[in-house]
Protein chains: 2
Amino acid sequence: MPKSLLPLGRAIKQRRDALGLSQESLAEQCGFDRTYISMLERGRRNPSFLNLLRLADGLKTSVAQLTEVYDGPSTD
Amino acid sequence: MPKSLLPLGRAIKQRRDALGLSQESLAEQCGFDRTYISMLERGRRNPSFLNLLRLADGLKTSVAQLTEVYDGPSTD
DNA sequence: ATGTGACTCCAAGTCCGTG
DNA sequence: TCACGGACTTGGAGTCACA
């Protein structure tokens, strides 16, 4: 049973909304494709660690912040 | 210039050592190949988020913990 | 017990479009 | 502005033999 990508996607969207950015402008910030951001927010893509870093950067946070929903062991 | 994978690798090794685990037994815990752990610790592999989760699980931590070296935006 | 290069395979990530 | 799809290229996943 793979852990879900949805909590991460929600955290991304939440943070993007808080910054008042569109998916398009965030994509531009991070150097990603606009459709990729869309997929991430809907939990359809499993980003690499390096891309998580770029994303956190564009969102002006840390990956620790973005992933704190998964805090602690065995958060399935 | 991509951010380095080395700090992550060091955090993994540090945590593994703290638990007194071999790469082999950690690999077994996580369901990974032994050589994959080796590559991760040396910063030769860029793991996916889901694999980061499995890894944090096997190390009985959170990904937030493993990535706190990258805390804050623009930690190149 | 670990480092390493090379290999295959398929998901990641891009680019084109639509409603 | 966003969800969603098809087709395409890049790169991570997973494994092996060997040092």
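Residues numbered from 1 in each chain as written. Chains lettered and ligands numbered in written order. Predicted model: local features only at pLDDT ≥ 70, side-chain atom pairs only at ≥ 80, totals over all residues. Heavy atoms only, no water.

Identification of chain A as Helix-turn-helix domain-containing protein from Rhodanobacter umsongensis is taken from an unreviewed UniProt entry.

A. Summary view of the packing of aromatic side chains. Inspection of every chain in the model, using the stated rule, returns four aromatic pairs over all chains. For the ring pair F49(A) and Y70(B), a centre distance of 5.0 Å and an interplane angle of 75 degrees mean the geometry is edge-to-face. You can see F49(A) sitting in helix α4 (residues 49–58) and its partner Y70(B) sitting in the segment after α5 (63–66), one on each of two chains. Here the two residues F49(A) and Y70(B) agree in accessibility, since each one is buried. (Phe/Tyr/Trp six-rings, centres within 6.5 Å; stacked < 30°, edge-to-face > 60°. Helix = DSSP H or I, 4+ residues; strand = E, 2+ residues; numbered from the N terminus. Buried < 20%, exposed > 50% of the residue type's maximum accessible area, 1.4 Å probe, protein only.)

B. Local environment of α4(A). By the criterion of burial, α4(A) is predominantly enclosed, with eight of the ten residues buried. Among the residues of α4(A), F49(A), L50(A), N51(A), L52(A), L53(A), L55(A), A56(A) and G58(A) are the ones counted as buried. Residues of α4(A) that are buried sit in contact with α1 (6–19), α2 (23–30), α3 (34–41) and α5 (63–66) of chain A together with α1 (6–18) and α4 (49–58) of chain B. Looking one or two places after α4(A), you find K60(A), whose phi comes out positive at around 55 degrees. (Contact = heavy atoms within 4.5 Å.)

C. The arrangement of the packing of helix α2 (residues 23–30) of chain B against α4(B) in detail. Residues and elements named next belong to chain B. Orientation of α2 relative to α4, taken along the N-to-C sense of each, is 115 degrees, at an axis distance of 9 Å. Note that α2 runs across α4; the crossing there is right-handed. Together, L26, Q29 and C30 of α2 and R54, L55 and G58 of α4 make up the contact between the two elements. Here the contact of α2 with α4 is built from residues that sort into three nonpolar, two polar and one charged. (Axes fitted to C-alpha atoms, helices over the stretch in contact; angles between N-to-C directions. Left-handed = near helix turned anticlockwise from the far one by under 90°. Nonpolar A, V, L, I, M, F, W, Y, C, P; charged D, E, K, R; others polar.)

D. Here's a closer look at the environment of I37(B). All names here are of chain B. If you trace the backbone, I37 turns up in helix α3 (residues 34–41). Overall, the relative accessible area of 1% leaves I37 in the buried class. On a C-alpha basis, the gap between I37 and G9 in space is 9.0 Å, while along the polypeptide they are 28 residues apart. Apart from residues lying up to four places away in sequence, I37 is in contact with Q23, L26, A27, F32 and L55.

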